[in-house]
Amino acid sequence: MDTIQELGEFALIEKIKTLFEQPADALGIGDDCAVIPIYNTNLLVTVDTLIENVHFFSDHPMEKLAKKAININISDIVACGGVSKWAFLSLSLNPSMKISQIETFIESLQKSCASRNIYLLGGNTAKDDKLSINITLIGQADKPILRSTAKPNQDVYLTGEIGCSACGFYAIKNKLSASDKCLERFLAPKARTDLIDQIKPYATAMIDISDGLLQDAEHICSSSNVGIDIFLENINICENQNLNDIDKITFGEDYELLFCADQKDRSSILAISDVKLIGRTNNSKKITIYNNGRIIIPKKYGFTHF
Ligand code: ADP
Ligand code: MG
């Protein structure tokens, strides 16, 4: 094995995790955020990068790109049951970029941060051929919700509708038509801050859907040592006709929440709007996907960089 392509993204992260001793008094590599206990609470820390022509097209509107950059980080804080507080912004910019473009970007980012009481405390600025945006976000949670705390025989829920971002991306890439909803979900997805307070009392484990439903469900399985049966017909999937259902649910960038909960809480959880019961945990340690009772085996589970 010679290249990163052959090694793969998750094997590389695992190598890093093995090499760097993880502390006993904090949670490091492996969840949506690092969890650092401090006084009677916990700091949550996450970092994400958006790179031109990798994560977004060169003509991505700057106002929406800023919203996306902060929301994908807020989504990781939400996935750990936290509130976002402090941000650091690192920018790599092509010198020929128009001042008006970067002004639109930072004004939009300021609005998004101010509306959520997030303070920008610093960052870094450098030159590069391509635009890249890297945000580190720090949040706080008294009781963090992790990927690793699901148990067998729990219900598995998904918020919102997934696949819209995939259809938006595909439409832009191939110059096809798509609804404003799909385009918006790709260009400027929103973290589910609106639902977290209702979900938090019940969620035993949680992850946000950034890399595809099946792959992210698999992260809950491997972290919690459980399996998950997923019932495709129960998933609220985007109705756009340009992609099939498996492509829609494995693209990622939905930033919806996948969480587990005890069966006794089912009626309370189903009373929350925009939440659907889509599966059940078990002892199998693997994902099994059912489509109206028939097992289906998808060719891919989600997005990886390599
Ligand atoms: P998410 O999709 O929730 O942002 P990732 O799949 O990017 O999560 O990362 C999974 C875990 O691996 C996280 O805990 C993250 O901090 C860690 N991680 C990813 N890349 C690296 C890296 N290069 N070095 C150290 N930790 C990393
Ligand atoms: Mg995440």
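All values derive from a computational prediction rather than experimental measurement.

Cut-off values and rules
Residues numbered from 1 in each chain as written. Chains lettered and ligands numbered in written order. Predicted model: local features only at pLDDT ≥ 70, side-chain atom pairs only at ≥ 80, totals over all residues. Heavy atoms only, no water. Near = heavy atom within 4 Å. Polar contact = N/O pair within 3.5 Å; in protein donor to acceptor, adjacent residues only side chain to side chain. Areas by Shrake-Rupley, 256 points an atom, 1.4 Å probe, with all protein chains shown as cover. Donors = N, O, S within 2.8 Å, 3.2 Å for Na, K, Ca; no water. Helix = DSSP H or I, 4+ residues; strand = E, 2+ residues; numbered from the N terminus. Buried < 20%, exposed > 50% of the residue type's maximum accessible area, 1.4 Å probe, protein only. Contact = heavy atoms within 4.5 Å. Expected span 1.5 Å × (residues − 1). Patch = residues over 30% accessible without salt bridge, like charges linked within 9 Å, V, L, I, M, F, W, Y side chains within 5 Å. Salt bridge = Lys/Arg side-chain N within 4 Å of Asp/Glu carboxyl O. UniProt positions renumbered as here; feature names shortened; annotations may be inferred.

### Describing the site of ligand 1
Now for step 1: Taken together, Ile13, Ile16, Ile29, Gly30, Asp31, Asp32, Asp48, Asp76, Arg147, Ser210 and Asp211 are the residues near ligand 1.
Now for step 2: Here an oxygen atom of ligand 1 and a side-chain polar atom of arginine 147 are 3.1 Å apart.
Now for step 3: Look at ligand 1: alone it shows 560 Å² of surface, and the protein chains cover 66% of it.

### Topic: the coordination of the magnesium ion (ligand 2)
For a metal bound by four donors in a tetrahedral arrangement, the ideal donor-metal-donor angle is 109.5 degrees, while six donors in an octahedral arrangement ideally sit at 90 or 180 degrees.
Now for step 1: The magnesium ion (ligand 2) binds to the protein through Asp32 (OD), Asp76 (OD) and Asp208 (OD); the donor distances cover 2.0 to 2.1 Å.
Now for step 2: Mapping the donors of the magnesium ion (ligand 2) onto the primary sequence yields the spacing D-x43-D-x131-D. Placement of the pair is aspartate 32 in the loop between α2 (9–19) and β1 (34–38) and aspartate 76 in helix α3 (residues 62–79), with a sequence separation of 44 residues. Comparing aspartate 32 with aspartate 76, the two get one shared label, buried.

### Description of the side chain of lysine 248
Now for step 1: Relative to the helices and strands, lysine 248 is located in helix α9 (residues 245–250).
Now for step 2: Note on lysine 248: relative accessible area 4%, which makes it buried.
Now for step 3: A polar side-chain atom of lysine 248 sits 2.8 Å from the main-chain carbonyl oxygen of cysteine 238.
Now for step 4: For lysine 248, the contacting residues outside a window of four places in its chain are Gly163, Ala166, Cys167, Ile237, Cys238, Glu239, Asn240 and Leu243.

### What to know about α3
Now for step 1: Between its terminal C-alpha atoms α3 stretches 26 Å, which fits the 26 Å expected from 18 residues at 1.5 Å a residue.
Now for step 2: Just downstream of α3 lies glycine 81, where phi reads positive at about 75 degrees.

### Some points on a nonpolar patch on the surface
Now for step 1: A surface patch of nonpolar side chains, amounting to about 400 Å² of accessible area, comprises Trp86, Phe88, Tyr119 and Leu121.
Now for step 2: At the level of secondary structure, the elements contributing two or more residues to the nonpolar patch comprise β3 (83–93) and β4 (119–127).
Now for step 3: As for its placement among the helices and strands, tyrosine 119 is situated in strand β4.

### Topic: the UniProt feature "binding site: Mg(2+) 3" (unreviewed entry) in the protein chain
Now for step 1: Here, the residues flagged by UniProt with the feature "binding site: Mg(2+) 3" (unreviewed entry) are Asp32, Asp76 and Asp208. In three dimensions, the annotated residues from a span of 177 residues occupy one location, with a maximal C-alpha spread of 7.7 Å.
Now for step 2: Setting aside anything within four residues of it in sequence, one finds aspartate 32 in contact with Thr46, Asp76, Ala79, Cys80, Arg147, Met206, Ile207 and Asp208.
Now for step 3: Residue class for aspartate 208 comes out buried when judged on its relative accessible area of 1%.
Now for step 4: When near neighbours in sequence (up to four residues on either side) are disregarded, aspartate 208 contacts Asp32, Ser75, Asp76, Ala79, Asp216, Tyr255, Glu256 and Leu257.
Now for step 5: Separated by 2.7 Å, the side chains of aspartate 208 and serine 75 make a polar contact.

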